[in-house]
Amino acid sequence: MASPPPLFSIPIPPLADSSAHPGGSIVCTAPQPGVFLLTWSSPPDNRLTTPFCRALLAALDALEFGPAAAAGGSVLITTSAITKFYSNGLDLAHAVGTDGFWPLLYQVWRRFLTYPMPTIALLNGHTYAGGLMLAMAHDYRIAPSARGHLCLNELLFGAPLKPAMAALFRHKLPPATCRALALEARRFAGPDALAAGIVDVVATSSPGLDDALALVRDRALLEKSKSGVYGVIKTEMHSPLLAYLSPPGLEAEDARFDRDQRAEAERKEFGKVWYDQWLNESKAKL
């Protein structure tokens, strides 16, 4: 069967200060009436850079106010044209070194958490760190059928979870699953991710679009947005989480996080001084 023609395409500009991010695109198609598929490709592994996030926000707006507005009931599916990766997360050096990156990233999450139609993340490849966070902001998730793991691996490369990040997983997942993801950096294959409540379906084949369309059909998702209040209800459901993603809660939590980090640094400094004194006193008594 031939692929449906694109409804629109949003370019992802190259990252000006890095040859590692040559740019790409987000393409919107409609595999069936009312079901819209955003397929992104940002080589090599769909990192969530500033250009990627801005292009994704533009694609969400173009869909909501364009094809979806004329469709009545609508559903959004996101996936990757790069078969190995749904998203390999943030470019950490870019994220840390770019003014305004974190509010932009959280704006993307807020957009999905309040989007006025059901959203499905079709994870057709590895989904790590920030990529998993993006998937968690969707309403539903489909794990890859064969290859591809889900992982929150910040622990392994020494990156702390910011307050908004931790809040996202606390809000969406059971405590035992949060522990396995955040404090064990466990890699979840599809069946394990389903058992842990991270995903709703494991794809039966690759790339999994048929499974996504079956989820739409089985849960009658095309009907959900027709009354016009789907996004309003989502916003109220996720209000505790949304408070972490925008002012004034965002600033307050980030300030609290910074205070906690300073206090921990002071504790360690004084702890080392105490230990050296204790060790010297112990030796003197021998």
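Looking at an unreviewed UniProt entry, one finds the chain named Enoyl-CoA hydratase/isomerase domain-containing protein and attributed to Hirsutella rhossiliensis.

Once that is clear, we can look at the sheet that holds strand β10 (residues 201-202). Taken in spatial order, the seven strands line up as β1-β2-β3-β4-β6-β8-β10 in an open sheet, and their pairing is mixed. At either margin of the open sheet sits one strand with a lone partner, and together these are β1 (8-12) and β10. Where strand β6 (residues 119-122) lies against strand β8 (residues 140-143), three bridges are found, and the strand directions are parallel. By the bridge assignment for β8, Ile120 is matched with Tyr140.

This paragraph deals with the nonpolar core. Ranked by internal contacts, the top residues of the largest apolar core, which has 62 residues, are Leu38, Leu56, Leu63, Leu105, Trp109, Phe169 and Ile198. Among residues more than four places away in sequence, those in contact with Leu63 are Phe8, Cys28, Phe36, Ala68, Ala69, Leu76, Tyr115 and Met117. Leu37, Ile142, Leu213 and Leu215 belong to the second largest nonpolar core, which has 15 residues in total.

Looking at chain direction, β1 and strand β2 (residues 24-32) are connected through five bridges and run antiparallel. Paired with Phe8 across the strands is Cys28, a residue of β2. The sheet contact formed by β2 and strand β3 (residues 35-41) spans six bridges and is antiparallel. The residue bridging Cys28 from the neighbouring strand is Leu38, located in β3. The loop that links β2 with its antiparallel partner β3 comprises two residues; one of these, Gly34, has a positive phi angle of about 85°.

Let's shift gears to the packing of aromatic side chains. Evaluated as defined, the whole model comprises six aromatic pairs. Aromatic side chains Trp40 and Phe52 sit 5.4 Å apart centroid to centroid with 70° between the ring planes, which places their arrangement in the edge-to-face category. A residue pair is termed long-range when its members are at least 10 positions apart, and Trp40 in strand β3 and Phe52 in helix α1 (residues 50-65) qualify at twelve residues. In this structure, Trp40 and Phe52 share a single accessibility class: buried. Aromatic side chains Tyr275 and Trp278 sit 5.8 Å apart centroid to centroid with 35° between the ring planes, which places their arrangement in the tilted category. Residue Tyr275 and its partner Trp278 are both found in helix α13 (residues 249-285); the two are separated by three residues, about one turn of the helix. We classify Tyr275 as partly exposed; its relative accessible area is 40%.

In this section: the state of the cysteines. One pass over the full model with this rule turns up zero disulfides. The closest cysteine sulfur to the non-disulfide-bonded Cys28 is located on Cys53, 19 Å from its own sulfur. Residue Cys28 is classed as buried on the basis of its relative accessible area, which comes to 0%. A disulfide-free cysteine, Cys178 has its sulfur positioned 14 Å from the sulfur of Cys151, the nearest such atom. For Cys178, a relative accessible area of 16% gives the class buried.

Conventions we followed
Residues numbered from 1 in each chain as written. Predicted model: local features only at pLDDT ≥ 70, side-chain atom pairs only at ≥ 80, totals over all residues. Heavy atoms only, no water. Pairing = 2+ DSSP bridges. Helix = DSSP H or I, 4+ residues; strand = E, 2+ residues; numbered from the N terminus. Core = buried A, V, L, I, M, F, W, Y, C linked by side-chain atoms within 4.5 Å. Buried < 20%, exposed > 50% of the residue type's maximum accessible area, 1.4 Å probe, protein only. Contact = heavy atoms within 4.5 Å. Phe/Tyr/Trp six-rings, centres within 6.5 Å; stacked < 30°, edge-to-face > 60°. Disulfide = S-S within 2.5 Å.

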